[in-house]
Amino acid sequence: MKIKKIGLSLILLSLINFNAIANPNNSAPAPAQLELELTLKQQLGEYHPPYVASWIENSQGKPVRTLLLWREKTKWLKDIRRWWRKVGKKDADFVDGITSATRAAGKYPLTFLAEDDQKKSLIKGQYTLFIEVVRENGGRVILRQPFVLNNIKSTFTLAASHETDEIQFTVLPK
């Protein structure tokens with residue numbers, strides 16, 4: 001009888017441990033969702049698709065998440081100046097892992113989770129969304145939008161620039 005109780009206890013303990021491993025964030029709330037509708041303007045004359053980086057910095061100005069990096073040749077990444085100085089030049093493998101091709105002019109609806117680069121949920125607090133757009137034989141623009149993660153839906157409209165039309169940014173709590 002003693003063996004059966006120990007065996008049953010071991011089975012239950014194994015199931016509990018398996019559940020903790022399979023669902024490590026059982027008690028952690030789901031991260032907020034970030035929606036970004038990015039519109040790149042069509043340019044006249046010789047047109048080169050822009051290099052675009054978008055990232056989030058915390059209230060201390062430390063980058064916590066690169067949302068996107070659209071580029072072609074690596075040698076031009078340094079032209080995305082702020083992103084390059086803060087994130088890009090430090091980790092070539094990270095840059096390769098998040099890069100995708102440049103995009104032509106148009107509207108791009110994008111959705112991200114409010115997580116850091118290690119896939120951990122961002123804590124409540126103040127952050128800033130950055131969007132940097134650089135184009136060969138064109139311009140350079142850096143857009144900033146402060147926002148707060150606090151379980152309240154927030155919607156922002158970033159003004160049009162010479163490289164972008166209005167950009168919509170929404171924080172949706174989970």
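Use the structure listed above.
For clarity, every value in this text was computed on a predicted model and none was experimentally measured.

1. Details of the pattern of salt bridges
Working definition: two side chains of opposite charge can pair if their charged atoms are close together. Taken as a whole and assessed by the stated rule, the structure comprises five salt bridges. Note that Glu37 and Lys107 form a salt bridge whose closest N and O atoms lie 3.5 Å from each other. Highlighted residues: Glu37 in strand β1 (residues 33–40) and Lys107 in strand β5 (residues 106–113), separated in sequence by 70 residues. Overall, the relative accessible area of 54% leaves Lys107 in the exposed class. Glu57 is the salt-bridge partner of Arg82, the closest N and O atoms lying 3.0 Å from each other. Taken together, the positions of Arg82 in helix α2 (residues 81–86) and Glu57 in strand β2 (residues 51–58) put the pair 25 residues apart, joining distant regions of the chain. With a relative accessible area of 2%, Glu57 lands in the buried category. Three or more residues joined by partner-sharing salt bridges are found here, namely Glu57, Arg82 and Lys86.

2. Describing the pairing of strand β8 (residues 154–158)
Within a regular strand, side chains alternate between the sheet's two faces. Residues Ser154, Phe156 and Leu158 of β8 are buried on one face, while the alternating residues Thr155 and Thr157, pointing to the opposite face, are not. Sheet topology note: the β8/strand β9 (residues 167–172) ladder contains five bridges and is antiparallel. Directly across from Thr157, in β9, lies its bridge partner Gln168.

3. Examining the sheet that holds β9
Pairing within the open sheet is antiparallel, and its four strands lie in the order β5-β1-β9-β8. A single partner strand is all that each edge strand has here, and the edge strands are β5 and β8. Strand-to-strand twist across the sheet, computed as the mean angle between neighbouring axes with direction ignored, equals 15 degrees. Inspection of the sheet shows β1 paired to β9 by five bridges, in the antiparallel sense. From the neighbouring strand, Glu37 faces β9, where its bridge partner is Gln168.

4. Considering the packing of aromatic side chains
A complete count under the given rule lists six aromatic pairs for this structure. Taking the centre distance of 6.5 Å and the plane angle of 50 degrees together, the rings of Trp83 and Trp84 count as tilted. Taking the centre distance of 5.2 Å and the plane angle of 75 degrees together, the rings of Phe147 and Phe169 count as edge-to-face. On the criterion of sequence distance, the pair formed by Phe147 in strand β7 (residues 140–149) and Phe169 in strand β9 is long-range, its members being 22 residues apart. Neither Phe147 nor Phe169 differs from the other in exposure class; each is buried. Three or more aromatic residues joined by ring pairs make a cluster, and in this case those are Tyr127, Phe147, Phe156 and Phe169.

5. Concerning unusual backbone geometry
For Lys119, which is not a glycine, the phi torsion comes out positive at approximately 70 degrees. For Lys119, the location among the structural elements is in the loop between β5 and β6 (125–134). With phi around 65 degrees, Asn151 is a residue other than glycine that occupies positive phi space. Tracing the chain through its elements places Asn151 in the loop between β7 and β8.

The rules behind these values
- Residues numbered from 1 in each chain as written.
- Predicted model: local features only at pLDDT ≥ 70, side-chain atom pairs only at ≥ 80, totals over all residues.
- Heavy atoms only, no water.
- Salt bridge = Lys/Arg side-chain N within 4 Å of Asp/Glu carboxyl O.
- Helix = DSSP H or I, 4+ residues; strand = E, 2+ residues; numbered from the N terminus.
- Buried < 20%, exposed > 50% of the residue type's maximum accessible area, 1.4 Å probe, protein only.
- Pairing = 2+ DSSP bridges.
- Axes fitted to C-alpha atoms, helices over the stretch in contact; angles between N-to-C directions.
- Phe/Tyr/Trp six-rings, centres within 6.5 Å; stacked < 30°, edge-to-face > 60°.

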